[in-house]
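One-letter residues, chain by chain:
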Amino acid sequence: MQKPLIIALDFQTKFDTIHFLEQFENERPFVKVGMELFYREGPAIIEALKTRGHEIFLDLKLHDIPNTVQQGMRSLASLGVDIVNVHAAGGMKMMQAAKEGLYAGTPLGMKSPKCIAVTQLTSTSDETLRNELLIEETMESTVRHYANMALQSGLDGVVCSVWEAALITKVCGEAFMKVTPGIRLNGDSIDDQTRIATPQEALKQTSTAIVVGRSITKSSNPLESYLQIKDLWGNER
Ligand code: C5P
């Protein structure tokens, strides 16, 4: 796992997903499976993607009492995915429990999935933080604090916006993963994202992985867009 370019497979069905991936010929992109696809298709979609040779980020954002997250992660580890995640807002005990569950559930001889934490959702604004979550600190200071909690809990990194990556590297070090969505090429539609950045900017801001959805999935030529982003992001072809 060098510096992956991860495609967000935001499709509803296994049929649509595999149909989309068939356009990638000999490329085997790292993919992200989220709630939409996993809740509908279940572990069978993971098995199908693994059989095709894809590395997988299973983006289910667990957030519950430590024991439940531990047991949930134990089940997820048995699927053989590469990255899973939790909400840092669940606290350090929950994050430690997640790691323990992953170790316990990893089949013998296999690598445990990396576990990363969501700091603050990019859909949460400063107003939401203050008026709904009743958090008095600034967004920057909560993100820094949550990232540090994730590090202290033994997690491997965080999901964050490109614009928070440099700060997190400063606080948590270079090896700590910064997985950044909200990536767009110049001229792409912004859609519902607010804090977007180009792949080149992501590199500059010390992201360690980028997650790209619509710029590839809605492109008129997904393979071409994927290869273009891969070049800009600096992966070898
Ligand atoms: O289509 P787009 O490139 O905006 O998709 C980004 C992907 O990253 C989606 O699957 C979205 O759910 C996910 N994501 C995000 N912001 C976060 C966490 C995940 O956009 N903070």
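Residues numbered from 1 in each chain as written. Predicted model: local features only at pLDDT ≥ 70, side-chain atom pairs only at ≥ 80, totals over all residues. Heavy atoms only, no water.

**Q** I'm lost on the site of the ligand in this one. Help?
**A** Around the ligand sit Ala 8, Asp 10, Lys 32, Thr 122, Pro 181, Arg 184, Gln 193, Val 211, Val 212, Gly 213 and Arg 214, and those are all the residues in its vicinity. In this structure, an oxygen atom belonging to the ligand sits 2.8 Å away from a side-chain N or O atom of Asp 10. The side chain of Arg 184 places a nitrogen or oxygen atom 3.0 Å from an oxygen atom of the ligand. For the ligand, whose unbound accessible area comes to 470 Å², protein coverage reaches 84%. When its residues are assigned to classes, the shell around the ligand shows four nonpolar, three polar and four charged. (Near = heavy atom within 4 Å. Polar contact = N/O pair within 3.5 Å; in protein donor to acceptor, adjacent residues only side chain to side chain. Areas by Shrake-Rupley, 256 points an atom, 1.4 Å probe, with all protein chains shown as cover. Nonpolar A, V, L, I, M, F, W, Y, C, P; charged D, E, K, R; others polar.)

**Q** Please explain the environment of Pro 199 as it appears in this structure.
**A** Position of Pro 199 relative to the elements: it lies in helix α9 (residues 199-204). For Pro 199, a relative accessible area of 0% puts it in the buried group. Considering only alpha carbons, one finds Pro 199 and Trp 233, 34 residues apart in sequence, at a separation of 5.2 Å. (Helix = DSSP H or I, 4+ residues; strand = E, 2+ residues; numbered from the N terminus. Buried < 20%, exposed > 50% of the residue type's maximum accessible area, 1.4 Å probe, protein only.)

**Q** Where do I start with the nonpolar core in this structure?
**A** It is characteristic of soluble globular proteins that their nonpolar side chains tend to be buried jointly. One finds Leu 9, Val 33, Leu 58, Met 73 and Val 86 to be the most contacted residues of the largest nonpolar core, which totals 62 residues. Sort the elements by how many residues they give to this core and helix α7 (residues 139-152) lands first, with six residues. Among residues more than four places away in sequence, those in contact with Val 86 are Lys 61, Leu 62, Val 69, Met 73, Met 94, Met 95, Ala 98, Cys 115, Ile 116, Ala 117, Val 118 and Leu 155. (Core = buried A, V, L, I, M, F, W, Y, C linked by side-chain atoms within 4.5 Å. Contact = heavy atoms within 4.5 Å.)

**Q** It is not clear to me how the UniProt feature "domain: Orotidine 5'-phosphate decarboxylase" (unreviewed entry) in the chain should be interpreted in this structure. Could you clarify?
**A** Per the UniProt record, "domain: Orotidine 5'-phosphate decarboxylase" (unreviewed entry) is found at residues 4-229. For residues 4-229, helix accounts for 44% and strand for 16%, while the C-alpha atoms at its two ends are 11 Å apart. (UniProt positions renumbered as here; feature names shortened; annotations may be inferred.)

**Q** Sorry, what's going on with the pairing of strand β8 (residues 209-212) here?
**A** Regular strands have side chains that alternate between both faces of the sheet. Side-chain alternation along β8 places Ala 209 and Val 211 on one buried face and Ile 210 and Val 212 on a second face that is also buried. In the classification by handedness, the crossover that spans strand β7 (residues 177-180), the intervening α9 and the parallel β8 is right-handed. (Right-handed = clockwise from strand over helix to strand, strands pointing away.)

**Q** Help me out: how do you make sense of the sheet that holds β7 in this one?
**A** The strands making up a sheet associate through hydrogen bonds between their backbones, and the pairing can be parallel or antiparallel. Within the closed barrel, the eight strands sit side by side as β1-β2-β3-β4-β5-β6-β7-β8. Their pairing is parallel. On average, each strand axis in the sheet is tilted by 25 degrees relative to the strand beside it, whichever way the strands run. Note: strand β1 (residues 5-8) against β8, three bridges, orientation parallel. Counted as the bridge partner of Ile 7 is Val 212 from β8. Sheet strands touched by helix α5 (residues 92-105): β3 (56-62), β4 (83-87) and β5 (114-118). Its angle to β4, the strand with the most contacts, is close to 155 degrees. (Pairing = 2+ DSSP bridges. Axes fitted to C-alpha atoms, helices over the stretch in contact; angles between N-to-C directions.)

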